[in-house]
Amino acid sequence: MVRKNLRGKRYLLVLDDLWNENAEDWGKFKDLLGVGAHGSKILVTTRSDTVASVVRGLIPPYNLKCLSVNECWSIMKNKAFSPGGALETPNMTKIGEEIAKHCGGLPLAANVLGNLMRLHKTETNWLLILNHDSLKTIDARTKIISILKLSYDKLPSHLKLCFSYCSLFPKDWEIKRKTLIRLWMTEGFLHPSHGGNQISPEDVGNDHFHCLLVNSFFQDVRKNKLGDVKTCKMHDLVHDLAQSVNGVHDIKILNSGEIESISEFRRLQFVFNEQTSETISKVLKKAKRLRSVFSLENDHLVERLLYTKNLHVVCLLGRHFFKVQSPISKLKHMRYLDLSRCNFYGGHDVSINQLYNLQTLVLHRCHDVKTILLGIGSLKTLRHLDLSYSDVETLPDCVVQLANLQTLDLKLANLQTLDLNMCKRLVALPVNIGSLEALRVLKVKNCITLRVLHTDVGTLTRLRCLDLSVTKIKVLPKSCINNLRNLELMVFGKCRLPKEIKNWAKLRVLKHKRERR
């Protein structure tokens, strides 16, 4: 496929942050790229001299130099003196320039220190930073880690916990903001006292996320259509810091050689092979403290995890293809369950009707989901349901029981997100979907067999996002036009554009695809 797509074309291929030092691998890969037109280029960035030696062609490697003190200070002052930051005075500038001398010419250090100086903006605080031991280190990597640790030490305790939790994701992992916030919420990290009593836990989590973002703990941000952060990554040195402090919070990344240590921790990322997973069941039975498990592409582990009755979180990362026939109903403490890419079979053991504490259920790309959805009406605490890319045809009528009408506090009410994107077999939404009063996001993009929106959708007055693109819906019900006043994003697809949308005062993004005549 690479040869087919590149043959005869002039291309520029950028391989960023390359670490593979195997010359044979590089030779095989480069052979695939030799079909391009004259003038094609490959640009490799790396921090390894060995990699630079392996991949070099006719042009010798270009070694990036460290930044000058003035360049470091330029980065720092733009952040430190930005709106809401420190007041720019001659004395503050002088202290800042002295701090810049200790960056070692490293842009990440300048960026982190600049944000730290913006948040701790008094002259006294700047002097404390200047005299801190972390700035006296000579080795570049140690200096970066020390500066990052200085920024970490300044965080309040609840943010330290949220940050160290991110170490459960692998290095260079693209972290979804909403997924991370839901995990924090499931773990009990988001308390109203940290965000005020008038906002939802999701909003508290969003505040926590942005606090870590402005402290330079996240980077490579991607945004959605509304301009909100969709995904981010952690610099590998930031990830190293998260791993170095995660032991304080009973968090651990375990490989096959540390299997006996499972019982010591509450939150784990498993990196096991098939041979190890065969013996893990016995160890899991002894892991009374274990509450959360992240698993990376390990099909042999997950079935065994479903027998661990005390788990609160099962989060699958990467690709898992396996069949679920385990007694899921016994996981009564489960709060976050990600069973992406599972196959369910019609036995009674896959029922979820007793998972009374479940807050998030992810059934992305699952097959035979009708089996597991039968008892969903009893999950009174469910807030987020992801059925995207699944084979669901209709949602059971009991899904409307997730409205939790017993509570008057809508920020604590149930189902807020219903993701049905790319459910190509979906033919209809539940007739009484309007009962889900707390629903804020309804995703039906690419539901190519969905023809009609029920009038009842118009009673979802808290709905913020509605995307009808690549569906067969032609007309928006009058009730939707009159009542959906909180919509911020509306994608009509080929649905007729109503004149009354001028009443949607909160609308930030509107998209409509005209029919060709």
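Calculation criteria
Residues numbered from 1 in each chain as written. Predicted model: local features only at pLDDT ≥ 70, side-chain atom pairs only at ≥ 80, totals over all residues. Heavy atoms only, no water. Disulfide = S-S within 2.5 Å. Helix = DSSP H or I, 4+ residues; strand = E, 2+ residues; numbered from the N terminus. Buried < 20%, exposed > 50% of the residue type's maximum accessible area, 1.4 Å probe, protein only. Pairing = 2+ DSSP bridges. Lys, Arg positive; Asp, Glu negative; His and termini not counted. Salt bridge = Lys/Arg side-chain N within 4 Å of Asp/Glu carboxyl O. Contact = heavy atoms within 4.5 Å.

Engineer: Residue-level account of the state of the cysteines, with values.
Structural biologist: The full count for this structure, using the stated rule, is 0 disulfides. Summary of cysteine pairing: cysteine 342 is not part of a disulfide, and the nearest cysteine sulfur, belonging to cysteine 366, is at 4.9 Å.

Engineer: Break down unusual backbone geometry for me, citing the residues and quoting the values.
Structural biologist: Backbone geometry places asparagine 446, a non-glycine residue, at a positive phi of 65°. Inspection of the secondary structure puts asparagine 446 in the loop between β16 (441–443) and β17 (465–467). Residues other than glycine seldom take positive phi values, yet valine 470 does so here, at roughly 55°. Here valine 470 is to be found in the loop between β17 and α17 (478–483). On the accessibility criterion, valine 470 (46% relative accessible area) is partly exposed.

Engineer: Give me the lowdown on the sheet that holds strand β3 (residues 175–176), citing residues and values where you can.
Structural biologist: If you trace the 3 strands from one edge of the open sheet to the other, you get β3-β5-β4, paired in antiparallel fashion. On the outer flanks of this sheet lie β3 and β4 (219–223), each paired with one strand and no other. Summarising the sheet, β3 and strand β5 (residues 229–233) pair through 2 bridges and their orientation is antiparallel. Following the sheet pairing, lysine 176 is matched in β5 by threonine 231.

Engineer: Let's hear about the side chain of aspartate 386: which residues, and what values?
Structural biologist: Residue placement: aspartate 386 occurs in strand β14 (residues 384–386). No salt bridge is formed by the buried aspartate 386; its nearest oppositely charged neighbour, lysine 176, is found at 6.0 Å. Not counting the four nearest positions on each side in its chain, aspartate 386 is found in contact with Leu361, Val362, Leu363, His364 and Asp419.

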